Each structure stands twice: as structure tokens, then as C-alpha cells.
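A look at the structure
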Amino acid sequence: MTEDVCSLLRVMPEPLRAELARQGISESQVLLATDSDLDFNGNYAEHWLVITAESVLTFALDADGAHAGPRFEVKDLEKAEADARVGSGFVRVKTAAGWLYVIRFSNAQANKFTKAASKLRLMLRGVPLVCTPADDADIRRCLKCKRMLPEGTSACPRCISKRHVFGRFARLMMPYWPYAATAIVLVIISIGLNLVPPILTKTLVDNVLHEQAAERPLPRWFALVTRAFDARAPIDWLLLLVVILVFTQVLQILVGILKGRLSTIIGNRVSYDLRLKVYEHLQALSVRYYDKNQVGSLMTRVAHDVEDLQGFIWQMTSGFLFNILIIVGVLIVLFTMNTHLAFLVLIPVPFVLGSTYVFWHYILPKHYRYWDSRSKIANVLFAALGGVRVVKAFAQEQREFERVRSYCDRLRGARLGVDIASTTFYPIVGFVFSLGGLIVWYVGGRDILDKVEGFSLGTLMAFFGYLGMFYGPLNTLMSLSQWLTSFTTQANRVFEVLDTEPEIQEAPDAVPLDVRGAIKFEGVVFGYDPYVPVLKGIDVEIHPGEMIGIVGQSGSGKTSFVNLLCRFYDPTEGRILIDGVDLRKIKLSSVRSQIGLVLQEAQLFTGTIQENIAYGRPDASLAEIFDAAKAANAHDFIVRMPDAYDTRLGERGAGLSGGERQRISIARALLFNPKVLILDEATSNVDTVTEREIQKALDALTKGRTTIAIAHRLSTLRNADRIFVFEEGKVVEVGTHEELLARDGLYAKMVKIQTQLTKDKESVDDVRALAAEESDAKSKGQGAGKADEKRP
Amino acid sequence: MADKYEGIRILGPADIRFHYNDLGQLRATLADGTELDEVLVYRTRPISDPDRYISIRVGATATEQREIGLIRTLAALGPDQRRLLKEALDRRYFIHLISEIHSLTEEFGYLYWDCETDKGRRQFPTARWDQSKCVHAGNGCHIITDVDGNRYQIADIEKLDPESRARFRRYIYW
């Protein structure tokens, strides 16, 4: 090996290789070799972890060579894991003597050693240990330059090709190219118009207002104009020039209006197209994409980033492109008028650029401090005044006063900092900007006094005119690189969404399936991060029509279990069968249209209650909607509302209580009539009375379908045919409520705890007793038959 | 009130003895002779008062863990016992004490630090705008967390040299 295979299989330094050879280990036996940065005592030092099929070895490397550290034989190991601590971590292994520590690493290496520990753990389970470059993926850093990427993007602002981004953006404008071309022509015209007035001033001063005006030869263009209008006396020329000035200015305004209109038209159309494209694509992406990207950040892309890209067009027509062109234009004119003086005008340029630098690095940061103090003082006041009852009750007025005072101090200090800096900075900058003018006054004035050939008072005035158009744009150009960077990253954030392929792909030979509801998990292993399995080997079978209750601590894998069933994710290992067909071979639309989902937080959408109930089946008849609402125990409260089924709900169902929202979402699921129903803690957010109401609604919903209910309150599971108890990613107990109680295991323990906690009728036994009475009265024969056919 | 709630247990020097076994694991014997395997040691106030109120715990996983008691101050222990606990604490807490900031620059939303620390000169990036990554812990003490989760502490910003302080203040304004 002359090159690292990956960070987990690195080229070992010579002393380490020698030490390994001395221990009789050849390089070909090494499966994993990587370096850590800490010794056990937390000092920075080079340590190596080497794993072969037989042993786990560690070495300390220093100037004297490699020294063997702790060594473990693979056959003695039961488990391996990374033990994260504060600021650093250890790889540790479990042996008969308990946990032993292998190597320590700082958090900079945590990613690598978590993977190493995970690979070792898998090796202990019989999975061959292989390290590949794919293990190195660190999504936070640029692959090329290893720099941190800005939050929420995989495009490195340093490494992305700006030309590529511009090219791509330009292609988006293709449909509007006639507009774009016109806009660019208008930009050039408007720059030309900008350059005209100083030339007119020059003629005005030299040929009209000058004492010997009549004797001086007119510039060729003006001679032509005067002849055309038959103007002979300077007084006519004056009128003519002023009229031309007015004309240029009106033209400038007209061109400006046209240019502005065109650029908004193009900008808005492009961002409209782009926004719809991005949203459409986002919807197609798999749920895993939403795990990696926060909804807020995705919303920013659709709502703001796209909008900000409009700025691109503005920058072209009025911003940077415009400024660059005007600087070039002004320079050309200045140099043709008087090369010597034009050079002198450039002298203050470094100072102008310097002042911009000072602004960005020293003046602006002071504003951050001020803005921050101002917003914090608002928070402090809100907390103190909003919590005034608590403050008074604990008699802490003095302390709150001190707290507010300390924030007022900060605000005063920050504001002083800003004001002192500004009152110093701006006058100096003003002086720097006027430097050019002073140079022109002196040098140009001397040339006039010396009667230098070709230099007149008019030229001097024109110079002043152009100077005003020169330093300003130069100043704005300093933020060009900043704008470029933010534009390319924003554009990339948007393009990135468009370039992401949905992870869950339909197999080309996927078939539609009319689901009966038999579900089978075969050796299913799954982790949101493949190195950290959440489900560690699930083998269960669920029969059609059966109601399964799932209990377990948070993080035990309950929700992951149903996520896999909805095929929001694919398992890392193993497979899931529905009616004997691999889930991956069934058409996605066919899976999802037959699985109903009732979540802990009922997600309702803006619209009427009727529209919400019919969300999954917009074609449902009114009678069906009423039936579903009735069965979901929602009809009565809906009818009592002033607008009944026409009640418009706000965002996320605002305007209804939690229990009401939940019952509407149950009605929605009922109407959808799924073959498999998943209830994910459907009643955990409501009080006991509401829970009963919802429970009644659920009874209607679960009848005759395969139901999987995750429950926090065990009382929800009173009707379950079987209960799966999850612990640390495994199903540890399966059975009926009675069987599990009799077993006196984890489930029995959980029931005991809940019974102690809730001394009212919430314990499973009590509720079951209650339910038994109820269901006895309702449907005797059906219940008995169902139980027979369902139990395995 | 019927009965007082159960409070924490304070362990005096006579209540517990720590020792290593031959595999290097930290163990302890309580005054009543109970043997504790794989003892874990935590600070209750790692920033404001690191050497007092040390929590002594057992249990290999988070769910199994329970507290045996608190040691009021390390200073009350004999030198060898103190050394054992210090070593255990050093293995749990890994923090760099910053003594000088050589440079602090911003690029694309990250701050790049170059600092002198008690563990040598370190360079590391932190998220620029995330105030939770550089927390003022009171009395001028700042805790900085870099993008990898490594921790750095400035004991008192007022006691750093003026150049370091100015570099710090330019970006950390909260």
C-alpha cells in the first residue's frame, strides 16, 4: 500500500509496520488501521488502532518508534462500541471481565472511530470487515478542499464552478431570451446616456459661456447640430444645449423605466418557474431526505432562495454589470480627454478600496453587537414583564432590575461603539472620496493657468462630472465577491434539490397489489445512519385482520418499524413481505394507498372540515363523508359548530382542540378505507376523557383490518390481539396481554409502573375490564369468531 | 409534612475507597464492604466548580446507571484517592484551555480559530452565527464548541492579552 485506501485503512508508518512484523502480523492481514490523536490521559499523541481477523491491537507512536498498547483477541470479545464522553471518546470492548478501553480519540476523530467501532461490532457478529472510500463520507465537509460547508448545502462555495452555476442559471432564462437581449441593449444605451451630460457641460463652458466663445471653433458634433437648427448666436446655442440636456435626461428615465420593467418581468417569471420546479421535486423525494434536511431549511429554499435569485437579473441590469460597464466607460472617456489627469484620478482608488475593507471588517461587526444587544434587551424585558407575577411572588424585583440594567449597559456600550466608529469613519471616507476632486482642481487648474494646449475650463468641469460617476460604483464593486459567493451558494442550494434523486425508487418490475394485510418482517436491520442500527434484526409475522400493539421505550425502534412498513425507508438488511411479496417489488402508490396512518399530531390542512375528511378520496360522496365522521365520533361535534362541515380550518387545523383534530384525522383514515392501519401514538397527546372519545372512534376504524398501534399509554391496547414489546431495536416479547403479564417480563413491569402512576381507571386491566363490558354488550359473536381466525 | 423527600447522599472520605483492578478498571469499596464494579465519575458543575460535588455512579448503560453518592470536594481526599479520581475525570472531560488567540478569521459562515491551548497550538472551525457554539458562562468565561464537538474554554476573556481579546470581540459580540 502506498496510498490510504480510506481514513479507516491508512498507510501505516514504517515503525508501526516493523512492530507489526515483529509480532508476526503481515500487512495483508490488516483489515483496519487508523490513527487517533489522543493518549488515554487526554494528551495529543499519535496512537494507532489495528484490527485483524484475530486481534485488536493498539500502538503508541513517538520518536523512538511504535510501542504496543492494549491488545485484545477477537475471540474474547462480546461487544464493541464507541463511548462518547465530554469532548472526547473511547472505543471500548466488552469481555468476560466487563468493559475495557481500547483507544481514546478527540471529537475531531469521532466520526471515524464510531464507524471503526461499528465495523468491529459487525465483525463480532460475523460480518466481514471491509473498509472502502465510501466510509469517508463526511457530509459536513467539502470533498475537495475539506472545508466546512455552509449549513444546509453540499456545494462548497470555494470549489463550485461559478461559471457552471451562471451557465445553468442562464439556461433557465432561455425561454425569455428576447426580453433578456433587449434588457442588455437597454443597459448599454443607458450607460451611453449617462456619459453624455458632462460632454454637454464641456461645450457649454468652453463654447457658449466663455468670453471669447464666438472665436473658438465648435466641436464637430455641435457644429453639425447648430447648422441643422440654424443656430448662430451663443444665446441660441445655450438654449439648444439645455434642450439636448433635457432630452438626454428624459431618455435616460424612459430607458430606466423600460429596463426596470423588463428585469422584473424576467426575474419574476424565472423564479416562478424555478419555485414550482423545486416544490414539485421536493415532493417526489423520499422521507430520508427530510430527515437530513430540516423542513425550515427546505422552506427557505422554496420561499426565499428562489426569490433572491431574482436579484441576479437586477445585478445585471442595475447592479454589478451596470457598475462595471460604467467604470469602464468613464475611464475610457477620461483617458481620451486627458491621459495625464486621468492617471492622477486613479491615485485615491486604493484608499477608496481600503475604506470599503475597513467598513466590512471593522465597522459592520460593531453593528452586529448593537443589533444583538437590542434584540436581547427585548427578550429580557419580555421575560421580566411577562413573568411579573413570578418575580413579585418570589420577591426578586431587585434581581430583575439588575439583570435589565446589565443588558442596558451592554446596549449602551454597543451603541457607543457603533456611533464612535461611524462618527470617525464617515468623515474620513468623505475626505478620501473628495481627494480625486482636489487633485483635479490643482493639476487641472494649473494646466488651465499654464494655458496647456487642449485643456480648457470645460474639460475640467467634465472631469468633475465623470469623477462623481467613478468612485461610487467602485465602492459598490467591493462587495461583488460577496454577492457572487452568496449568489452561487443560493443558486446551488436550489439546484441541489433539483439534482437529488429520490432514494426510494420503484423497481422496474414493481407490481400493483391488492393488499390483504399479511405482513412479515424477515431479519430486518435498519438505521437512519447505517452505522447506528435502530432495528437490530426483526422477525415477526402479522396476520390479516390482526390488531398488533407495539410498546417500548422511546428510541426502542417502534416508529422505525412502521416507517419501514410505509416504505418511507428501505431496510439495510433483510426484507419485508406484504402478502408474501417483497415490499420493494410492489408499486409505491399501491402500497401507500392501502396503508392508513393516524399520527400523534393530527396533520390537517387549510380548507373546510369536509375537504379534510375527504383528503385521501376527493371523490367521496357526502353520505360517505358523514358516515366516516359518525364512525369516528366526530359528526356530532362538527354539526354543532356554526359552520359545521363548511368550517374552514387554519394552518395545521388551527381552531380545533387536539381531540377534535384527531377524530377528524381518524374520519379521514376511515374514509380512505385502508387494508392496513397504523396508529402511531394516536392518543398520547390528549386527556383521559378525550382519549375515551378517540378510543371509541378507533374501535370503528380498526374493525376488520390489520392494525398496528404504537401506544404510550398501555390502555390504548385493550383490544390488541397480540402485543410486541420493543427494546433496543429488538422485539423481546410477543403475546397477548395475559400471556405477557404471566411471563412477568418487561411488559409486566411497564404495566405495573403505569398502574402505580395512574391510580384512576387508566391502567390496562381496568380499561380492559371496561372494554369487555362494552364490547360484550355490543357484538358478542363477531368478537369470538375474530379471535379464533386471527391468533396464530 | 409526613416525610422528607429522599435527598442525595454525600460520601465522606471514610465512606468509599477507590482502586484499580489488574485490568485497569476503576472500582470502589463502600464502608459496608459492598464492591462496585466499573465506577463512573461525573462532575456536577464542570464549568463553575469542577473539583467539588463529584458524582460517583455505576452502571454500564444509560438506563442502568445510578448514583452512589456525591463527593463534596476532591481536596478532602487523600493524595492517592484524589489522583485516581482526577484520572477518571480527565478521561471523561476533555477540554482545551485557551491562553492566546493567534488569529480568528471568517470564511463562508465559519470562524477559523488558531489558538494556544494547554494542549498545544490548535486550529479549529466553529459555526459563525450559532451563539450556542460559544457560550458566555459568566464572569468572562466562554465555552467554545467546534464543528466536531471538541470543547475549548477561555477562563476569563478580560484576562487574555488585548490583541486576543480584540480578535475575539470582533466576531463574538454576544
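Residues numbered from 1 in each chain as written. Chains lettered and ligands numbered in written order. Predicted model: local features only at pLDDT ≥ 70, side-chain atom pairs only at ≥ 80, totals over all residues.

Attention now goes to the overall build of chain A. Across its full length, chain A carries 27 helices and 19 strands. For chain A, the proportion of its 792 residues judged to be buried stands at 31%. (Helix = DSSP H or I, 4+ residues; strand = E, 2+ residues; numbered from the N terminus. Buried ≥ 20, exposed ≤ 12 C-beta atoms within 10 Å, placed from the backbone.)

A few words on the overall build of chain B. Scanning chain B for helices and strands turns up two helices and 13 strands. Nonlocal contacts in chain B, meaning residues at least 24 apart in sequence, comprise 31% of its contacts between residues at least 6 apart. (Contact = placed C-beta atoms within 7 Å.)

Residue-level contacts link 26 residues of chain B with 27 residues of chain A. Those elements that provide at least two residues to the side of chain B that touches chain A are α1 (79-92), β10 (120-127) and α2 (162-171) of chain B. Of the residues forming the side of chain B that touches chain A, the biggest block, three residues, is contributed by α1(B). Classifying every residue of the side of chain B that touches chain A by side-chain character gives 12 nonpolar, five polar and nine charged. (Nonpolar A, V, L, I, M, F, W, Y, C, P; charged D, E, K, R; others polar.)

Further remarks concern the sheet that holds strand β3 (residues 55-62) of chain A. Residues and elements named next belong to chain A. Sheet architecture is open: four strands sit in the order β1-β2-β3-β4, paired in antiparallel fashion. Two strands close off the open sheet at either side, each with one partner strand: β1 (32-38) and β4 (65-73). Sheet twist, expressed as the average angle between the axes of neighbouring strands with direction ignored, equals 25°. Where strand β2 (residues 44-51) and β3 come together, six bridges link them in antiparallel fashion. Each bridged residue has a counterpart across the sheet, and for E46 the counterpart in β3 is L61. Most of the contacts of helix α1 (residues 14-22) go to β4, to which it runs at about 50°, and overall it touches β2, β3 and β4. Helix α2 (residues 110-124) contacts β1, β2 and β3 of the sheet and is inclined by roughly 140° relative to β1. (Pairing = 2+ DSSP bridges. Axes fitted to C-alpha atoms, helices over the stretch in contact; angles between N-to-C directions.)

Next up on the list: the environment of T226(A). Residue and element names in this part refer to chain A. Turning to its location among the elements, T226 is positioned in helix α5 (residues 220-229). For the pair formed by T226 and L241, sequence separation is 15 residues and the distance between their alpha carbons is 9.8 Å. In contact with T226, other than residues within four places in its own chain, are L218, A231, W237 and L240.

All names here are of chain B. Pairing of strand β11 (residues 134-136) with strand β12 (residues 142-145), which is carried by three bridges, proceeds in the antiparallel orientation. Within β12, the position partnered with C134 by the bridge is I144. Counted between consecutive antiparallel strands, the loop separating β11 from β12 contains five residues, among which G138 sits at a positive phi close to 95°. Relative to strand β13 (residues 151-154), β12 runs antiparallel, the two sharing four bridges. Directly across from I144, in β13, lies its bridge partner Y152. From the end of β12 to the start of β13, which pair antiparallel, there are five residues, and G149 there has a positive phi angle of about 100°.

Quick look at unusual backbone geometry now. In this model, A644(A) sits at a positive phi of 45°, which is unusual for a non-glycine residue. Within the fold, A644(A) resides in the loop between α21 (635-640) and β15 (648-649). For Y53(B), which is not glycine, the phi dihedral falls at a positive 55°. Mapped onto the secondary structure, Y53(B) falls in strand β6 (residues 52-58). The class of Y53(B) is partly exposed, set by 17 C-beta atoms lying within 10 Å.

Residues and elements named next belong to chain A. You can see V287 is positioned in helix α7 (residues 287-292). Of the residues examined, V287 has 13 C-beta atoms within 10 Å and is grouped as partly exposed. Along the backbone, V287 and I504 are 217 residues apart, and their C-alpha atoms lie at a distance of 8.7 Å. Not counting the four nearest positions on each side in its chain, V287 is found in contact with F568 and Y569.

A separate point is the packing of helix α4 (residues 177-209) of chain A against helix α14 (residues 457-468) of chain A. Residue and element names in this part refer to chain A. Where α4 meets α14, the axes come as close as 7 Å, and the angle between the chain directions of the two elements is 155°. Relative to α14, the element α4 lies roughly antiparallel. For the pair α4 and α14, the sense of crossing is right-handed. On α14, the residues touching P197, P198, I199, T201, K202, T203, V205 and D206 of α4 are L457, G458, T459, M461, A462, G465 and Y466. For the contact of α4 with α14, the residue count by class is eight nonpolar, five polar and two charged. (Parallel < 35°, antiparallel > 145°, perpendicular 65-115°, else oblique. Left-handed = near helix turned anticlockwise from the far one by under 90°.)

Residues and elements named next belong to chain A. Strand order in the open sheet made by the six strands is β13-β16-β17-β10-β18-β19, with mixed pairing throughout. With partners counted over all chains shown, the strands left at the sheet margins are β13 (595-598) and β19 (730-735), one partner each. On average, adjacent strands in this sheet sit at an angle of 20° to one another, irrespective of strand direction. The pairing of strand β10 (residues 547-552) with strand β17 (residues 706-710) spans four bridges and is classified as parallel. What sits directly across from I550, in β17, is I710. Those strands touched by helix α22 (residues 658-672) are β13 and β16 (676-680), and its axis lies near 175° from that of β13.

The subject of this paragraph is the confidence of the model for chain B. Put simply, chain B has an average pLDDT of 86, and 97% of its residues get 70 or more. Interface confidence for the predicted complex, given as ipTM, is 0.86, next to a pTM of 0.62. (pLDDT = per-residue confidence, 0-100.)

Attention now goes to the nonpolar core. All names here are of chain A. Formed by 66 residues in total, the largest nonpolar core has its most connected members in I550, I613, I666, A667, I678 and A709. With seven residues, the single largest contributor to this core is α22. A domain-level breakdown of this core finds at least three residues from each of domain 3 (515-594 + 677-687 + 701-792) and domain 4 (600-673). Grouped together as the second largest cluster of nonpolar side chains are 38 residues, L309, F322, L334 and A491 included. (Core = buried A, V, L, I, M, F, W, Y, C linked by C-beta atoms within 7 Å. Domains from an automatic or database assignment.)

Our next topic: the pairing of strand β7 (residues 98-106) of chain A. Here is the key point about a regular strand: its side chains alternate between the two faces of the sheet. All names here are of chain A. Alignment of strand β6 (residues 88-95) against β7, held across eight bridges, turns out to be antiparallel. In the sheet register, G89 faces β7, and the bridge partner there is F105. The turn joining β6 and β7, which pair antiparallel and follow one another in sequence, is formed by two residues.

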